Amino acid sequence: MSILNNRKFMNIAKKRECLFLIPILILAFFLRVYRLGYQSLWIDEINAVILSGKNIFRIIFAGDTTPPFIYLVNHFWQKLGSSDFMVRLPSVIFGILSIFAAYKLAKAFFGLREALFSSFLISISLYHIIYSQEAARPYTAFMLFSLLSLYYFYHLLKVNQRRYWAGFIVFNFLNLYTHNFSIFILTAELIIFPIFILWGIFEKSSNYKLGTHELFKFFLVVLVILILSLPMAIQFLSALKSE
């Protein structure tokens, strides 16, 4: 009987959660698509769209300082349309998803009320709206992958499950191929993880109960991510030299 009551309570809580979150996401969407194609593309957008229109090999090895993920996304997206509105729409989508990711991370850290408030603030943020309307630029995708990386990292510290390891690997890998500053997110996680390992060992009341085996596993995972990102790092350094 208690199990049924718990399920009923969880269903009610989820419905209440959606009742507040969905309007915030709808508001965010309309603020970002409003007059999305009104202004013509500016120089950075034009260069990014031109690069996105090239073949995949030339995109990956273009020698650009920006990693190729966002160009590859827009390469395939442009098959749906190449108007100013259409080439800016992927940034809108990444922007909306980043608001949802911020909601999930804030809820994990603080609670429902804080999560709704933070997602609402981002939804009306002028800077977030502006960057969500940039054609073929990596900023909202970078925010999305950074938040998801931190979300899975946070849960990884508390629960040693494969899905959290997988999420941590996938979103850090995507982040490194999206924006160069993503290395700072991974570096912060690399510093924080051993601290929480030690805290879990010496603090009996800690919720973080990972051991030295997980520490070794974490360093190995980070090493694999960095090795997979070496082509991007080499291209970035060669692009800097050519400039």
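Here the structure is a predicted model, which is why all the values come from computation and not from measurement. (Residues numbered from 1 in each chain as written. Predicted model: local features only at pLDDT ≥ 70, side-chain atom pairs only at ≥ 80, totals over all residues. Heavy atoms only, no water.)

Our next topic: the pattern of salt bridges. With the rule as written, the count across this model stands at 1 salt bridge. When the shortest N-O distance is used, the salt bridge between Glu-45 and Arg-88 registers 3.1 Å. Taken as a pair, Glu-45 in helix α2 (residues 43-52) and Arg-88 in helix α5 (residues 84-109) lie far apart in primary sequence, 43 residues in all. Under the relative-accessibility criterion, Arg-88 is labelled buried at 5%. (Salt bridge = Lys/Arg side-chain N within 4 Å of Asp/Glu carboxyl O. Helix = DSSP H or I, 4+ residues; strand = E, 2+ residues; numbered from the N terminus. Buried < 20%, exposed > 50% of the residue type's maximum accessible area, 1.4 Å probe, protein only.)

Summed over the entire model, instances satisfying the criterion amount to 21 aromatic pairs. Taking 5.3 Å as the distance between ring centres and 90° as the angle between the ring planes, the aromatic pair formed by Tyr-151 and Tyr-152 counts as edge-to-face. Looking at Tyr-151, the relative accessible area reads 15%, which means it is buried. Joined through ring pairs, the aromatic side chains of Phe-69, Phe-94, Phe-145, Tyr-151, Tyr-152, Tyr-164 and Phe-171 make up one cluster. Directly above the ring of Tyr-38 sits Arg-35, whose terminal nitrogen or CZ lies 3.8 Å from the centroid. (Phe/Tyr/Trp six-rings, centres within 6.5 Å; stacked < 30°, edge-to-face > 60°. Lys NZ or Arg CZ within 6 Å of the ring centre and 35° of its normal.)

Next up on the list: a nonpolar patch on the surface. Taken together, Phe-216, Leu-220, Leu-223, Val-224, Ile-227, Leu-228, Leu-230 and Ile-234 make up a surface patch of nonpolar side chains, about 780 Å² in accessible area. When contributions to the nonpolar patch are tallied by element, the ones reaching two or more residues are α11 (212-228) and α12 (230-242). Looking at which element gives the most residues to the nonpolar patch, the answer is α11, with 6 residues. (Patch = residues over 30% accessible without salt bridge, like charges linked within 9 Å, V, L, I, M, F, W, Y side chains within 5 Å. Areas by Shrake-Rupley, 256 points an atom, 1.4 Å probe, with all protein chains shown as cover.)

By themselves, these are just geometric observations and shouldn't be taken as functional.
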